[in-house]
Amino acid sequence: MPDTHATERFDIVISGASFAGLALARALLSAFGGDLRIAVVDRAPRGGTGVPDARAFALSAGTRHMLETLGVWQRIADEAQAVTEIEITDSSLEAGIRPVLLKYENRLGEDAASEPASHIVPAPALEHALLASVASDPDLTLIAPGEIARFADTGSAMAISLADGREITAALLVGAEGRRSASREAARIRTVGWRYGQTAIVTTIAHERPHGGRAIQHFLPAGPFAILPLPGNRACLTWTEDAGEAKRILALDDAGFLAEVETRVAGRLGAIEVVGPRQSWPLEMHLARAYAAPRFALVGDAAHGVHPIAGQGVNLAFRDVAALSEVIADALRLGLDPGSLEALGRYERWRRFDSFMSAAAFDGLNKLFSNDWLLIRAARDFGLGLVDRLPAVKQRLVAEAAGLTGDLPRLFKSQRL
C-alpha cells in the first residue's frame, strides 16, 4: 500500500502566488531549467479567487527590463500604456483652477524615441502573464489551494507540513504571501510600522478626450489623487482619502460616486464614466525587522509595505525578486547552500536598506502633501516650481522612478542570471 505521507522534495518552496512569488519562480526556472524543482503554495484555488482586481501599476523601466528578460513582458505589452509625461498639481478640492506646478517628460533620454521610464499595466494582466509563464513548466508544482501549517529548519533542509497532511522539504522557503504574511509570523519575524488613518480608493474610468499617455498626480489635503493612463480612452484612478470620508464615498450609489470622481478629475478628460469596480484598502507602513533567517527569506509586501504616494510598492517587490534570484543563482553555481545565512545575508544587506529608505521617503512625502496648512502649501508649491525649472533635477527624478539607480540586480539591467 503506498505511503500517502511520503515526503516530497523540492529545491525551493514559495509561500504565496503573489506577483513577487510567481516572478521569483519564473526567474529561477529561467535560470536553471530542469535542474531545479520549485513548489508554489497558495491559499486561493488555481486561477485566483474570481474577485476582479481594479488596480493598475506603474511598472518602472527596471521592472520592465526584468520581465522582458524572463519572457513575461511580451504577454502584457498590448495591455501596457507608456507614460509619456507627468503633471503635478497642488490645490484644494474646491479650487476652480489647478495650475500645473511641475511637468516633465517621462523618458530616459531627451528625444521622443527614448525609452519610457514607466508603463501603466492593469493588475489582472500582470497576474495572468506571470501565472501563464510558470503554469505549464514541468519543474514547477503549484499547490493551490494549499496552506503551510508549520515548518522547521532541520539543519540540512526546511521541513514543511501542509494543512492537508502532506510533508515536503526544501533547501529554502520564501515568504511571499503579502502584508499579512503567515510564514513571516510563523518565523517570528516582527515588523515595525503604523497606520495612516487613510484609505486608498481605486477604480477605472472611460473618458472623452485622449490622455496622450499623460499621468496626473494631484495633491489634495486628504492625499494624492492619481490619474494613470490605460490603453484607449481609459484611466485608472487611485486616490487617498481620510478613512471616514472614504467610507462615505464608497457607500454612495453609482451616480454619487461618479460625482465625487468628476469633482476630482475636474474636467481634464471631458465627459467620463466609471467602467470598473470600486475597491479600497486601509493604508499603512510596515517593515520586517529581518528579511532572512536560516533557510527562510521574505520578498515583496511580506518584507515591506509602503505608502502608494509614489506608486513604487510593486517595483520594490520586483527588485527583491531580482536580488534574491541572483543570490540563489550565484550560490547554486558555486556549489553553496542557497538556504544558508551566508547566502541569504547578502540578500538582506542588499535589499533592507533600500526598502527602509524608500519607505521613509514615501512616508515623508505623504506627511508633506497630505495637509492644507497655508505655509506648508506655499513652501511645497515653491519647491515644485523650482524643480520645474531645473532640467537636471527632473532627469534625476525620472531615473529614480525608473528603478535604474543604485546597486542594480542583473535582471534590472536586462542581463540573465
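Look up: the structure comes first, before these words.
Keep in mind it's a predicted model, so treat the numbers as computed, not measured. (Residues numbered from 1 in each chain as written. Predicted model: local features only at pLDDT ≥ 70, side-chain atom pairs only at ≥ 80, totals over all residues. Heavy atoms only, no water.)

Chemist: Just give me the short version of helix 1 (residues 19-32), but keep the residues and values in it.
Modeler: The terminal C-alpha atoms of helix 1, which comprises 14 residues, lie 20 Å apart, in line with the 20 Å expected from a rise of 1.5 Å per residue. Here helix 1 has its buried residues at Phe 19, Ala 20, Gly 21, Leu 22, Ala 23, Leu 24, Ala 25, Arg 26, Ala 27, Leu 28, Leu 29 and Phe 32. Once helix 1 finishes, Gly 33 follows within two positions and takes phi at roughly 50°, a positive value. (Helix = DSSP H or I, 4+ residues; strand = E, 2+ residues; numbered from the N terminus. Expected span 1.5 Å × (residues − 1). Buried < 20%, exposed > 50% of the residue type's maximum accessible area, 1.4 Å probe, protein only.)

Chemist: Please set out the packing of aromatic side chains residue by residue, giving values where relevant.
Modeler: Scanning all chains against the criterion turns up 4 aromatic pairs. Ring geometry for Phe 151 versus Phe 296: centroids 5.7 Å apart, planes at 15°, classification stacked. Remark: Phe 296 occurs in strand 21 (residues 296-298) and Phe 151 occurs in strand 10 (residues 148-153); sequence separation between them is 145 residues. The burial state of Phe 151 is the same as that of Phe 296; both residues are buried. Ring pairing ties together the aromatic residues Phe 225, Trp 239 and Phe 257, which thus form one cluster. Residue placement shows Arg 278 over the ring face of Phe 257; its charged tip is 4.2 Å from the ring centre. (Phe/Tyr/Trp six-rings, centres within 6.5 Å; stacked < 30°, edge-to-face > 60°. Lys NZ or Arg CZ within 6 Å of the ring centre and 35° of its normal.)

Chemist: Account for the sheet that holds strand 9 (residues 140-143), naming residues and giving values.
Modeler: Judged by pairing direction, the sheet is mixed, and its 6 strands sit side by side in the order 9-3-2-13-21-20 without closing on themselves. At either margin of the open sheet sits one strand with a lone partner, and together these are strand 9 and strand 20 (292-293). (Pairing = 2+ DSSP bridges.)

Chemist: Run through the side chain of Gln 198, naming residues and quoting values.
Modeler: Assignment of secondary structure puts Gln 198 in strand 14 (residues 191-207). A polar side-chain atom of Gln 198 sits 3.0 Å from a polar atom in the side chain of His 307. (Polar contact = N/O pair within 3.5 Å; in protein donor to acceptor, adjacent residues only side chain to side chain.)

Chemist: Could you give an account of the sheet that holds strand 5 (residues 81-82), naming the residues involved and the relevant values?
Modeler: Strands pair in a sheet through their backbones, by hydrogen bonds, and they do so in one of two ways: parallel or antiparallel. What the 3 strands build is an open sheet, ordered 4-8-5; its pairing is antiparallel. Looking at which strands have only one partner, the edges of the open sheet turn out to be strand 4 (56-60) and strand 5. As paired strands, strand 4 and strand 8 (residues 118-122) are joined by 5 bridges and run antiparallel to one another. Opposite Ala 56, over in strand 8, you have Pro 122 as the bridge partner. Seen against the sheet, helix 4 (residues 123-135) touches strand 4 and strand 8 and runs at an angle of roughly 85° to strand 8. (Contact = heavy atoms within 4.5 Å. Axes fitted to C-alpha atoms, helices over the stretch in contact; angles between N-to-C directions.)

Chemist: Go over the nonpolar core, please, and point to the residues and values.
Modeler: Among the nonpolar cores identified, the biggest contains 115 residues, and Leu 126 and Phe 318 are the most heavily contacted of them. Apart from the residues within four sequence positions on either side, Phe 318 is in contact with Phe 19, Ala 23, Leu 59, Thr 63, Met 66, Leu 126, Leu 130 and Phe 412. With 16 residues, the next largest nonpolar core counts Ile 201, Ile 227, Ala 235 and Trp 239 among its residues. (Core = buried A, V, L, I, M, F, W, Y, C linked by side-chain atoms within 4.5 Å.)

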